[in-house]
Amino acid sequence: MTPSARLAAAIDLLSEMEAAPRRPADAVANAFFRERRYIGGGDRRAVSDRVWAVLRHWRHLGWWLERVGAPASPRARLIAAMQVMPRPGEVPAALFSGDRYGAAPLTAAEQDLAARLRGQSLDSPEMPQAVRLEVPDWLLPRLADMFGTTLEAEIAALGGEAPLDLRVNLLKTTRREAARLLAEGGIDAEETTLSPWGLRVPGRQPVTATAAFKAGLVEIQDEGSQIVVAAADARPGMRVLDYCAGAAGKTLGMAMTMQNRGHIVACDVSEPRLDGAVRRLRRAGVHNAERHLLVPGDRWARRRAGSFDRVLVDAPCTGTGTWRRNPDARLRLSERDLEELTAKQGEILSTAATLVRPGGRLIYATCSVLREENQDRIATFLAASPHYRLARPAPDCGLPPDLARDGMIALSPLRHGTDGFFAAVLERVD
Ligand SMILES: C[S@@+](CC[C@H](N)C(=O)[O-])C[C@H]1O[C@@H](n2cnc3c(N)ncnc32)[C@H](O)[C@@H]1O
């Protein structure tokens, strides 16, 4: 593709994202590229880079466009991005070449827009703080309450680029051997510092194409998510329930710490997500797991009341801890979403609590950094649940010492280099 054709594709992709504002940007992008198989890997990366640069700076670009009185169309956002975030050697007007497959030439109004933004920098001292930090206005006070004096640094870290983390599958290999095999395939990985099973791969490397990945020796999983697995402390021979299992990311990790012994059930209300687990479980060599689809009026949970040693609730949440991967998610998030999610989290937590045996543990986790979804949920649950108390994870469960002070863990990209994650370990005392 010519540079102008790549730009045209970026305009088309942004337009599709704008037409589906509730859909995650990566889902729109995957569908977009699936329908355009002729776009090769390098072109795809170049188009995505340009689009994600716009998504990461959405409010900045919107602010600049409003300031010069221009409507915020996908073309206008890209024109603004080229002015306030110029790339060395790039001549914007030349990219709008009007060639076959290329982006249409700039109109007179667009040339005027470009001229008015030329020489401006991305940030302006006049920008409101929420715009500068790229967060919705309503969310800023909540984030400020959570992070206090480190607010700006925490949000900047949440808006940065995420590394690629792998969890080594100890059912099949060791961390050292997995790193060696990846290196043979040209991929250098470093051991993670918090997770005892993690490898971190710098930059964007084609890990899923490696023999190590295909053979189930490694799984893509953020280090923070691995820490939640460690906090669950699922051991060989236990009965374990992954109540919101999705495509089984944490089920796989817990089956590993159980050394494939005992029994683990992966539940979810979403059939497509649970279906996604099948291939992953097989690839990882997990054979102590079953899946169960939760349906309305399900008697499954009632029949298993008080029977599990471990119940993990990886609750549906705002995903505010994963903004590094999904910068568009922060723009879609509404106050109403947060209210609905916290209500759902409370309901799921109280149902899941009935499934834990006396002496067993309930682990509540989110990939959110918001107090409402984390510490507040636990405080509300404990106030209504005299049979539960916060517990310290066992010293040999794989967690770094002192990470789970008070039975709660709160990870952030700034402080831990992971996605934002929360986990609370609760013990059923009778
Ligand atoms: C954060 S995701 C789980 C991610 C997964 N544990 C992993 O590690 O890959 C939350 C999951 O909760 C599921 N969910 C939503 N409402 C639920 C409910 N009432 N009961 C059980 N699962 C639910 C969603 O379908 C979603 O898959």
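Rules of the game
- Residues numbered from 1 in each chain as written.
- Predicted model: local features only at pLDDT ≥ 70, side-chain atom pairs only at ≥ 80, totals over all residues.
- Helix = DSSP H or I, 4+ residues; strand = E, 2+ residues; numbered from the N terminus.
- Rg over C-alpha atoms; globule rule 2.2 N^0.38 Å.
- Buried ≥ 20, exposed ≤ 12 C-beta atoms within 10 Å, placed from the backbone.
- Contact = placed C-beta atoms within 7 Å.
- Near = placed C-beta within 6 Å.
- Nonpolar A, V, L, I, M, F, W, Y, C, P; charged D, E, K, R; others polar.
- UniProt positions renumbered as here; feature names shortened; annotations may be inferred.
- Pairing = 2+ DSSP bridges.
- Axes fitted to C-alpha atoms, helices over the stretch in contact; angles between N-to-C directions.
- Core = buried A, V, L, I, M, F, W, Y, C linked by C-beta atoms within 7 Å.
- Arc of directions from axis to C-beta.
- Parallel < 35°, antiparallel > 145°, perpendicular 65-115°, else oblique.
- Left-handed = near helix turned anticlockwise from the far one by under 90°.
- Domains from an automatic or database assignment.
- Expected span 1.5 Å × (residues − 1).

Participant: Outline the overall build of the protein, supporting the account with residue identities and numerical values.
Facilitator: Of regular secondary structure, the protein possesses 20 helices and 12 strands. Scaling as 2.2 N^0.38, a compact globule of 430 residues should have a C-alpha radius of gyration of about 22 Å, and the protein matches this with 23 Å. Expressed as lengths along the three principal axes of its C-alpha atoms, the size of the protein is roughly 75 × 50 × 40 Å. Within the protein, buried positions represent 42% of all 430 residues. Restricting to contacts in the protein with at least 6 residues of sequence separation, those with at least 24 account for 74%.

Participant: So what about the site of the ligand? Which residues, and what values?
Facilitator: The environment of the ligand is formed by 16 residues, the closest being Cys244, Gly246, Gly249, Ser270 and Asp314. Here the residues of the shell around the ligand sort into 8 nonpolar, 4 polar and 4 charged.

Participant: How would you summarise the UniProt feature "domain: SAM-dependent MTase RsmB/NOP-type" (unreviewed entry) in the protein if you had to cite specific residues and measurements?
Facilitator: Here, UniProt's "domain: SAM-dependent MTase RsmB/NOP-type" (unreviewed entry) annotation points to residues 154–429. As annotated, residues 154–429 has a helix share of 34% and a strand share of 22%, and its two end C-alpha atoms lie 36 Å apart.

Participant: Tell me about the sheet that holds strand 4 (residues 218–220), and please be specific about residues and values.
Facilitator: Taking strand neighbours across the sheet as the criterion, the 4 strands line up as 2-3-1-4 in an open arrangement whose pairing is antiparallel. Each having just a single partner strand, strand 2 (190–191) and strand 4 make up the two edges of the open sheet. Bridging between strand 1 (residues 164–168) and strand 4 involves 3 bridges; their strand directions are antiparallel. Across the sheet, residue valine 168 finds its bridge partner in strand 4, namely valine 218. Contacting strand 1, strand 2, strand 3 (198–201) and strand 4, helix 11 (residues 175–184) crosses the sheet at an angle of about 25° to strand 3.

Participant: Any chance you could break down the nonpolar core for me, citing the residues and the numbers?
Facilitator: Core analysis: the largest hydrophobic core is formed by 59 residues, its most contacted members being Ala231, Val311, Val313, Ile363, Ala365 and Ala423. Val54, Ala80, Met82 and Leu117 belong to the second largest nonpolar core, which has 34 residues in total.

Participant: Explain the UniProt feature "binding site: S-adenosyl-L-methionine" (unreviewed entry) in the protein residue by residue, including any values.
Facilitator: Under the UniProt annotation, the feature "binding site: S-adenosyl-L-methionine" (unreviewed entry) is placed at Asp268, Asp298 and Asp314. Among the structural elements, aspartate 268 can be located in strand 6 (residues 263–268). With 26 C-beta atoms counted inside 10 Å, the residue aspartate 314 sits in the buried group. Not counting the four nearest positions on each side in its chain, aspartate 314 is found in contact with Val228, Cys244, Lys250 and Ala365.

Participant: Describe in detail helix 7 (residues 108–117), supporting the description with residues and values.
Facilitator: Buried within helix 7 we find Leu113, Ala114 and Leu117. In a view along the axis of helix 7, the buried residues occupy a sector of 95°, so they form one face of it. Set apart from the buried face of helix 7 by more than 90 degrees, the exposed residues are Ala108 and Ala115. Residues of helix 7 that are buried sit in contact with helix 4 (58–67), helix 5 (74–84) and helix 6 (92–95). At the C-terminal side of helix 7, glycine 119 shows a positive phi close to 85°.

Participant: Outline the packing of helix 1 (residues 3–19) against helix 5, supporting the account with residue identities and numerical values.
Facilitator: Direction vectors running N to C along helix 1 and helix 5 enclose 125°, while the axes themselves pass 9 Å from each other. The pairing of helix 1 with helix 5 is recorded here as oblique in orientation. Crossing hand, helix 1 versus helix 5: right-handed. Contacts between helix 1 and helix 5 involve Ala10, Ile11, Leu14, Ser15 and Glu18 from the former and Pro74, Arg75, Arg77 and Leu78 from the latter. Of the residues that constitute the contact of helix 1 with helix 5, the class distribution is 5 nonpolar, 1 polar and 3 charged.

Participant: Hey, could you go over the environment of proline 71 for me, with residue numbers and the actual values?
Facilitator: Mapped onto the fold, proline 71 is located in the loop between helix 4 and helix 5. Sequence separation between proline 71 and threonine 208 is 137 residues; the distance between their C-alpha atoms is 41 Å.

Participant: Any chance you could break down unusual backbone geometry for me, citing the residues and the numbers?
Facilitator: In this model, tyrosine 101 sits at a positive phi of 70°, which is unusual for a non-glycine residue. Relative to the elements of secondary structure, tyrosine 101 occurs in the loop between helix 6 and helix 7. Given 12 C-beta atoms within 10 Å, tyrosine 101 falls into the exposed group. A positive phi angle, close to 50°, is found at aspartate 233, a residue other than glycine. Take aspartate 233: it is sitting in the loop between helix 13 (223–232) and strand 5 (239–242). A residue is classified by how many C-beta atoms lie within 10 Å of it, and aspartate 233, with 22 of them, is buried.

Participant: Tell me about the domain arrangement of the protein, and please be specific about residues and values.
Facilitator: Assigned domains within the protein: domain 1 (3–127), domain 2 (164–220) and domain 3 (223–428). Between domain 1 and domain 2, the C-alpha centre-to-centre distance is 34 Å.

Participant: Lay out helix 18 (residues 335–353) in plain terms, naming residues and giving numbers.
Facilitator: Under the 1.5 Å per step criterion, the end-to-end length of helix 18 is 27 Å for 19 residues, consistent within 8% with the ideal 27 Å. Leu338, Leu341, Thr342, Gln345, Ile348, Leu349 and Ala352 are the residues of helix 18 that are buried. All buried residues of helix 18 project into a common sector of 130° when viewed along the axis, lining one side. Across helix 18 from its buried face, at more than 90 degrees, point the exposed residues Arg336, Glu339, Glu340, Ala343 and Glu347.

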